[in-house]
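Geometric and topological summary
One-letter residues, chain by chain:
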Amino acid sequence: MDGQGQIVIEGVNHTYRPARGRAVPALSNVTLQVRPREFLALLGPSGCGKSTLLYLVGGFLPTEAGRILVEGKPVAAPGPDRGIVFQHFALFPWKTVRGNVLYGLERQGLPRAERDRRAQSFINLVGLRGFEESYPSQLSGGMKQRTAIARTLAFDPSILLMDEPFGALDAQTRSLMQTELLSIWQRTPKTVIFVTHDVQEAVYLAERVAVMSSRPGQIKAIVETKFEKRDPSILRAKEFVEKVDHIWNLVRDEAIKAQELSA
Ligand SMILES: Nc1ncnc2c1ncn2[C@@H]1O[C@H](COP(=O)(O)OP(=O)(O)OP(=O)(O)O)[C@@H](O)[C@H]1O
Ligand SMILES: [Mg+2]
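The rules behind these values
The residue numbering used here restarts from 1 in each chain and proceeds along that chain's sequence as written. Chains and ligands are labelled sequentially in the order written, the chains with letters from A and the ligands with numbers from 1. Where local features are concerned, this predicted model is filtered to residues with pLDDT of at least 70; where side-chain atom pairs are given and counted, the filter is 80 or more; whole-chain, interface and lining totals use all residues. As a convention, hydrogens and water are excluded, and side-chain values are obtained from all of the structure's heavy atoms. A molecule or strand has a residue near it when one of that residue's heavy atoms lies within 4 Å. N or O atoms within 3.5 Å of each other form a polar contact, as long as, within protein, one can give a hydrogen and the other can take it, and as long as residues adjacent in sequence are counted only when both atoms are side-chain atoms. Using a 1.4 Å probe, the Shrake-Rupley method yields the accessible areas, and only the shown protein chains count as cover for residues. Helix and strand labels come from DSSP, where a helix needs a run of H or I of at least four residues and a strand needs a run of E of at least two; each type is numbered from the N terminus. Asp, Glu, Lys and Arg are counted as charged, while Ala, Val, Leu, Ile, Met, Phe, Trp, Tyr, Cys and Pro are counted as nonpolar; the rest, among them Gly, fall into the polar class. Shown as donors are all N, O and S atoms within 2.8 Å of a metal ion, widened to 3.2 Å for Na, K and Ca; because water is not in the atom set, sites may appear incomplete. Helix axes use the C-alpha atoms of the stretch in contact, all axes being lines fitted to C-alpha atoms, and the angles between their N-to-C directions lie in the range 0 to 180 degrees. Note that the term roughly parallel is reserved for angles under 35 degrees, roughly antiparallel for angles over 145, roughly perpendicular for angles of 65 to 115, and oblique for everything else. Handedness of a crossing follows from how the near helix is turned relative to the far one, being left-handed for an anticlockwise turn of less than a right angle and right-handed for a clockwise one. Working rule for contacts: check all heavy atoms of both residues, and any pair within 4.5 Å makes them a contact. Think of it in three bands: residues with accessible area under 20% of the maximum for their type are buried, residues over 50% are exposed, and the middle band is partly exposed, with areas taken using a 1.4 Å probe on protein chains only. Here, any two strands with at least 2 DSSP bridges between them count as paired. All the domain ranges listed were derived from an automatic or database domain assignment. Two parts placed together each lose some accessible area; with a 1.4 Å probe, that loss summed over both constitutes the buried area. Note on definitions: salt bridges are taken to be side-chain nitrogens of Lys or Arg within 4 Å of carboxyl oxygens of Asp or Glu. In this analysis, the expected span of each helix is defined as 1.5 Å times one less than the number of residues it contains.

**Focus: the site of ligand 1**
Taken together, 15 residues form the shell around ligand 1, and within it S46, G47, K50, S51 and T52 come nearest. One of the side-chain N or O atoms of S46 is found 2.6 Å from an oxygen atom in ligand 1. In the complex, the protein chains occlude 67% of the 640 Å² of accessible area that ligand 1 would expose alone. When residues of the shell around ligand 1 are traced back to their parent elements, those giving at least two are β2 (24-34) and α1 (50-58). No other element matches the three residues that α1 contributes to the shell around ligand 1. Across the shell around ligand 1, the residue classes break down as five nonpolar, seven polar and three charged.

**Some points on the coordination of the magnesium ion (ligand 2)**
For a metal bound by four donors in a tetrahedral arrangement, the ideal donor-metal-donor angle is 109.5 degrees, while six donors in an octahedral arrangement ideally sit at 90 or 180 degrees. At this site the magnesium ion (ligand 2) is bound by S51 (OG) and Q87 (OE1), with donor distances of 2.0 to 2.2 Å. Residue S51 is found in helix α1, and its partner Q87 is found in the loop between β6 (82-85) and α2 (97-106); the two are separated by 36 residues along the sequence.

**A short note on the packing of α2 against helix α4 (residues 141-154)**
Put simply, α2 and α4 touch, their axes get as near as 7 Å, and they point 25 degrees apart. Relative to α4, α2 is oriented roughly parallel. With respect to the hand of their crossing, α2 and α4 are arranged in right-handed fashion. When α2 is examined against α4, the residues V97, N100, V101 and L105 are found in contact with a partner set consisting of T147, A150, R151 and A154. Residue classes in the contact of α2 with α4 are distributed as five nonpolar, two polar and one charged.

**Structural notes on the pairing of strand β7 (residues 159-163)**
Across the five residues that make up β7, a large majority, five, are buried. With burial as the criterion, each face of β7 is covered, one bearing I159, L161 and D163 and the other bearing L160 and M162. Where β6 and β7 come together, four bridges link them in parallel fashion. Each residue of the ladder has a partner; that of I84, found in β7, is L161.

**With respect to the sheet that holds strand β8 (residues 191-195)**
The strand order β6-β7-β8-β3-β9-β10 describes an open sheet built from six strands, whose pairing is mixed. Strands at the two margins of the open sheet, each flanked by one partner only, are β6 and β10 (219-224). Put simply, the sheet's adjacent strands are angled 15 degrees from each other on average, direction ignored. Along the sheet, α4 contacts β6 and β7; its crossing angle with β6, the most-contacted strand, is approximately 175 degrees. Packing of helix α7 (residues 238-262) onto the sheet brings it into contact with β3 (39-43), β9 (208-212) and β10, and relative to β10 it is tilted by some 170 degrees.

**Thoughts on the domain arrangement of the protein chain**
We note that the domain assignment places domain 1 (1-13 + 39-81 + 162-263) and domain 2 (90-156) within the protein chain. Put simply, the middle of domain 1 and the middle of domain 2, counted by C-alpha atoms, are 24 Å apart. Tallying the contact residues gives 13 residues for domain 1 and eleven residues for domain 2. In total, domain 1 and domain 2 occlude about 950 Å² of area from one another, counting both sides; carbon and sulfur atoms represent 68% of this. Across the contact surface, domain 1 and domain 2 share one salt bridge. Seen at the junction of domain 1 and domain 2, the total is four residue pairs in polar contact (both at pLDDT 80 or more). Take the side of domain 1 that touches domain 2: its biggest share by element is four residues, from helix α5 (residues 171-187). Classifying every residue of the side of domain 1 that touches domain 2 gives eight nonpolar, two polar and three charged.

**Some points on α7**
In this model, α7 (25 residues) spans 36 Å end to end at C-alpha, consistent with the 36 Å of a helix rising 1.5 Å per residue. What α7 keeps buried is the set F240, V244, I247, L250, V251, E254 and A258. As for α7, its buried residues are in contact with β3, α6 (199-205), β9 and β10.

Structure, rendered in structure tokens:
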């Protein structure tokens, strides 16, 4: 398998060793391949290591055991090929919405006018026109999240790592953002790993859904979820509903195990 955006994860473990308290094994022997241009959703109970796996692929945590290859090369650090939308927004509080979105573009050496144009077009895309000069502290949770999404999309990485990117959005905005994300993904060749707790969202957006086990997380199952996305009635189609039920049951079993472990 080769080509743009390919991700290979092999036998990856991760244990957090806080300065105080016990070591926490977060991931155990995770193996997963993401194909070039694939849209893969990652589901699993809270605390199973989904964010940890994205940090590893993003190069924000060192790979301790096993290996992670992006385009055939081991991941050593964050890079402009991988754009991450963090679960907790991670905006610069001292920069405005525009400043935050421009940040990723400033390192790309684009001419100023082109940077401004691009930043504005992604601010408009996420519905924040009129809030360009606002600071994160003046925004709602959903607006912060949309700013973080605009910032990552604006620099056009070939790999998108999205950690519950629509979690803070109301149902209508979420649906609009899903449509925008799918249309970007269909227009530009991007490989996406998309973490969500929403099974229907996962089945709707992704071509494959990977379900993780309770902590320490492993890949428990991979389910094909290719549907015709442009047809909104698909959400009510029998095969779609059955797929959602099937995956929901897999995730629920793991969530019950996770509760038993922490009890
Ligand atoms: N910095 C840290 N230090 C110690 N333990 C941590 C740290 N970050 C995460 N963990 C632990 O590692 C495990 C996996 O965490 P992670 O955030 O990857 O889970 P998650 O699947 O993203 O959960 P959620 O769905 O709630 O976002 C959890 O049990 C968590 O307590
Ligand atoms: Mg998480």
